[in-house]
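# Summary of structural features
Single-letter residue listing:
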Amino acid sequence: MRKEYDELLSLFKEASIVEEIDMLLYWDRDVTMPKKGWKQRAEQVAFISQLAHEKKINPKIKELLVSIVEHPDYEKLSEQEKRNVYLIKRKYEKMVKVPPDFVGEFSKQGVIANKAWEEAREKSDFSIFQPELEKMVEFNKKFAHYLNPEIDPYDVLIDYSEPSMTQEKFEKLVNPLKEAVVTLIKECLASATQPDMSILKRKVPIDIQKKLNLDLLKVLDYDLERSRLDETVHPFTTGSYDDVRITTRYYKENFLSAFMSTMHEAGHGDYELHVGKLGSYQPVGQWCSDGVHEACSRFYENILGRSEAFWKYYFFKFKELTGEIFADVSLEDLILAVNKVEPSAIRTEADELTYDLHIIMRFEFERDLLNEKIKVKDLPELWNKKMKELLGYEVKNDAEGVLQDVHWSEGLMGYFPTYTLGNIFGAQILMQLQKEIPNWESEIEHGNLKKILDWFRENVHEKGNMKDSFELVQDITGKEVTSDYLIEYLKVKYSKLYNLS
Ligand code: ZN
């Protein structure tokens, strides 16, 4: 049986390698491809993603799975080997239901729709994107139907990003969170303590920002020999093991945007750099779920990056690298500005408190689109209405409204909930970190960030995919997953910052 097991793993490796090449094509599209190369790229991506899919549903995999699982020696496999077999089986049984030519067509449409989205966003004109998005919704419905025609299509898609996650489970977690956050936002906005937002709008030349972001990566003990940082319209992370790519975007009059994006993507990147501890090109040596990925990125960005402790440590270096620009700014003012609470249009620029409201509305739109309760053509109006209702924000145009996110153009539906799930996981993991390293904040303040990062790597990254996400978080923290820890974390943090009684 050893022979069959090794053969199964080598087929898995083959599929993973093709997938990596596919991801490199995406990276290249966004970082270096000439503008007019997109049609050719659509063909390449269709070809390679179809090939990856064929590798994943190779009939030999089924044969090997049967002979391994039914073998009298199956019980002699280690826990890790059994988990590998289980994960390959789970993926195979899902993917075998999806025809390869559909996968190719879906990927191709992703490149075409992405192109239309780019143009629509540039011109702030939803009508350019609308027909492509309509096709994308249909592709998603079909995909869900292939995977499981018996249940709600949106549940199928959520489960694809986050195994065993459902709408109901998500709603149960976010309803109390939504209520707590709405109240907290009101209290912060009514407080006499308010940040001086002009600090964030000061002009910081791009070359200075680039130096700042590279320095940040060093501070985060981020391995730049196995990774690199580039610029894109929409920051993202791709790759794994010894070749991880992260990107950011720079605005002259919003230095915090690049700084926080870099920190967020470094969180994703660091996960990929360490996830292979149990064995690269094995299912257990890959990321656990999208929610855990977001827990890593949002832990770096918010829990570390927006903490008082981090800025107490980094303030001096920050001033040194930015010269005269912030010479008159006090540490307290900078910390408050970094933690501004301000209902605003763009999700990726949103503060920690309003962020989850952006996710909740996307969750509701996706759910209703997939279930035909709303139509694509009505999205801009519905979007603006929802923004007003949830955040009290008046959307000025489609570019800052319904067209802001890249996800739908690439066919990603059911992914958005994983961001909030990441926040929930992250805060619960922080609770455990506080127990094991009670002085974690003073460690950061004294520049010993590595101690915290190493704890995170050991307890989260290196666990790979030995457990599904909810079980993993429960294992790390000894508690069932709940949004209580996130609510408590936000209450304590913002009450202190905004002097709430
Ligand atoms: Zn992310």
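Every value quoted in this text rests on a predicted model; they were computed, and no experiment measured them.

### Examining the packing of helix 8 (residues 167-190) against helix 16 (residues 417-436)
- Remark: helix 8 packs on helix 16, axes separated minimally by 11 Å, with the N-to-C direction vectors making an angle of 65°. As far as their axial angle goes, helix 16 and helix 8 are roughly perpendicular. Read as a crossing pair, helix 8 and helix 16 show a hand that is left-handed. Note on element contacts: helix 16 touches helix 8 through P417, T420, L421 and I424, opposite F170, L173, V174 and L177.
- Among the residues forming the contact of helix 8 with helix 16, the class breakdown is seven nonpolar, one polar and no charged.

### A look at the packing of aromatic side chains
- Applying the stated criterion across every chain yields a total of 30 aromatic pairs.
- Look at Y241 and Y281: their rings are 5.3 Å apart centre to centre, the planes differ by 75°, and that puts the pair in the edge-to-face class. Here Y241 is found in the loop between strand 2 (237-240) and strand 3 (243-248), whereas its partner Y281 is found in the loop between helix 10 (255-274) and helix 11 (290-304), with 40 residues between them in sequence.
- For the ring pair Y355 and Y419, a centre distance of 6.3 Å and an interplane angle of 70° mean the geometry is edge-to-face. You can see Y355 sitting in helix 14 (residues 355-370) and its partner Y419 sitting in helix 16, a full 64 residues away along the chain.
- The exposure class of Y355 is buried, given its relative accessible area of 3%.
- A connected cluster of aromatic rings, assembled from ring pairs, spans F255, F259, F310, W311, Y314, F318 and F326.
- When the ring centre of F470 is taken as reference, the NZ or CZ atom of K169 above it lies at 4.3 Å.
- Positioned above the aromatic ring of Y419, the side-chain terminus of R347 is 4.7 Å from the ring centre.

### Regarding the coordination of the zinc ion
- Only H264 (NE2), H268 (NE2), E294 (OE) and E294 (OE) from the protein reach the zinc ion as donors, at distances of 2.1 to 2.6 Å.
- The coordination sphere of the zinc ion comprises four donor atoms, whose angles at the metal cover 51 to 143°; the geometry is irregular.
- Binding-site remark: the zinc ion is held by donors from one chain whose sequence spacing is H-x3-H-x25-E. With H264 and H268 both in helix 10 and four residues apart, this pair spans about one turn of that helix.

### Brief notes about the side chain of K141
- Topologically, K141 is positioned in helix 6 (residues 126-147).
- With residues up to four places along the chain from it excluded, the contact list for K141 reads L369, L370 and E372.

### A short note on the side chain of H407
- Examined against the element boundaries, H407 turns out to sit in the loop between helix 15 (379-391) and helix 16.
- In terms of polar contacts, H407 uses its side chain to reach the side chain of Y419, at 2.6 Å.
- What H407 contacts, discounting residues up to four positions off in sequence, is H234, R347, L412, Y415, F416 and Y419.

### Thoughts on the pattern of salt bridges
- Under the counting rule described, the total for this entry stands at 49 salt bridges.
- Salt-bridge contacts for R29 lead to E410; the nearest nitrogen and oxygen are separated by 2.5 Å. Of this pair, R29 sits in helix 1 (residues 2-31) while E410 is found in the loop between helix 15 and helix 16, placing the two residues 381 residues apart along the sequence.
- The buried category is assigned to R29, whose relative accessible area is 11%.
- A salt bridge links E443 to K451; the nearest nitrogen and oxygen atoms lie 3.0 Å apart.
- By relative accessible area, which is 37% here, K451 ends up partly exposed.
- Here the residues in one salt-bridge network are D221, D270, K450, D454 and R457, joined through shared partners.

### Topic: helix 19 (residues 469-477)
- The complete set of buried residues in helix 19 reads S469, F470, L472, V473, I476 and T477. Buried residues of helix 19, seen end-on, are gathered within an arc of 160° and therefore sit on one face of the element.
- Tucked inside the fold, the buried residues of helix 19 contact helix 8, helix 11, helix 16 and helix 18 (449-459).

### A few points about empty space enclosed by the protein
- Applying the stated rule across the entire model yields two cavities of 30 Å³ or more.
- Its volume calculated, the largest cavity comes out at about 90 Å³.
- The wall of the largest cavity is formed by 13 residues, among which N302, E352, N423, L486 and Y489 lie closest to the centre.
- Taken together, the elements giving at least two residues each to the lining of the largest cavity come down to helix 11, helix 16 and helix 20 (484-497).
- Residue composition of the lining of the largest cavity, by class: six nonpolar, four polar and three charged.
- Lining the second largest cavity are F129, R362, W383, V402, D405, H407, W408 and F416.
- Taken together, the residues that form the lining of the second largest cavity break down as five nonpolar, one polar and two charged.

### Points about the layout of surface pockets
- Considering only enclosed or pocket space, the second largest pocket measures out at about 670 Å³ in volume.
- Of the residues belonging to the lining of the second largest pocket, the class tally is nine nonpolar, seven polar and eleven charged.

### A few points about the sheet that holds strand 2
- Strand order in the open sheet made by the three strands is 1-3-2, with mixed pairing throughout. Across the chains shown, the open sheet's two edge strands, defined by having one partner strand only, are strand 1 (227-231) and strand 2. Across the sheet, the axes of successive neighbouring strands diverge by a mean angle of 20°, strand direction being ignored.
- Two elements, strand 1 and strand 3, share five bridges in a ladder whose sense is parallel. Residue pairing in the sheet places D230 in a bridge with T247 of strand 3.
- Those strands touched by helix 10 are strand 1, strand 2 and strand 3, and its axis lies near 165° from that of strand 3.

### Brief notes about helix 6
- If you check helix 6, its first and last C-alpha atoms are 30 Å apart, about what 22 residues at 1.5 Å a residue would give, namely 32 Å.
- Restricting attention to buried positions, one finds in helix 6 the residues F126, F129, E132, L133, M136, V137, F139, N140, K141, F143, A144 and L147.
- Looking at the buried side of helix 6, the elements it contacts are helix 4 (79-95), helix 5 (100-123), helix 7 (153-161), helix 14 and helix 15.

### Describing the domain arrangement of the chain
- What the domain assignment reports for the chain is domain 1 (2-150) and domain 2 (167-497).
- Contact with domain 1, which involves 37 residues of that partner, is made by 42 residues of domain 2.
- On the domain 1 side of the interface with domain 2, the three residues burying the most area are W27, R121 and F126, jointly 19% of the side's total.
- For the pair domain 1 and domain 2, the interface holds four salt bridges.
- For the pair domain 1 and domain 2, the interface holds 20 residue pairs in polar contact (both at pLDDT 80 or more).
- Listed by contribution, the elements that provide at least two residues to the side of domain 1 that touches domain 2 are helix 1, helix 4, helix 5 and helix 6.
- When its residues are assigned to classes, the side of domain 1 that touches domain 2 shows 18 nonpolar, eight polar and eleven charged.

The rules we used
- Residues numbered from 1 in each chain as written.
- Predicted model: local features only at pLDDT ≥ 70, side-chain atom pairs only at ≥ 80, totals over all residues.
- Heavy atoms only, no water.
- Axes fitted to C-alpha atoms, helices over the stretch in contact; angles between N-to-C directions.
- Helix = DSSP H or I, 4+ residues; strand = E, 2+ residues; numbered from the N terminus.
- Parallel < 35°, antiparallel > 145°, perpendicular 65-115°, else oblique.
- Left-handed = near helix turned anticlockwise from the far one by under 90°.
- Contact = heavy atoms within 4.5 Å.
- Nonpolar A, V, L, I, M, F, W, Y, C, P; charged D, E, K, R; others polar.
- Phe/Tyr/Trp six-rings, centres within 6.5 Å; stacked < 30°, edge-to-face > 60°.
- Buried < 20%, exposed > 50% of the residue type's maximum accessible area, 1.4 Å probe, protein only.
- Lys NZ or Arg CZ within 6 Å of the ring centre and 35° of its normal.
- Donors = N, O, S within 2.8 Å, 3.2 Å for Na, K, Ca; no water.
- Tetrahedral: all angles 85-135°; square planar, octahedral: opposite > 155°, others 65-115°.
- Polar contact = N/O pair within 3.5 Å; in protein donor to acceptor, adjacent residues only side chain to side chain.
- Salt bridge = Lys/Arg side-chain N within 4 Å of Asp/Glu carboxyl O.
- Arc of directions from axis to C-beta.
- 1 Å grid on protein atoms, 1.4 Å probe; cavity = no way out; pocket = protein on both sides within 12 Å on 5 of 7 lines; lining within 4 Å.
- Points joined across faces, edges and corners; volume = space filled by probe spheres on them.
- Pairing = 2+ DSSP bridges.
- Expected span 1.5 Å × (residues − 1).
- Domains from an automatic or database assignment.
- Buried area = accessible area lost by both parts, 1.4 Å probe.

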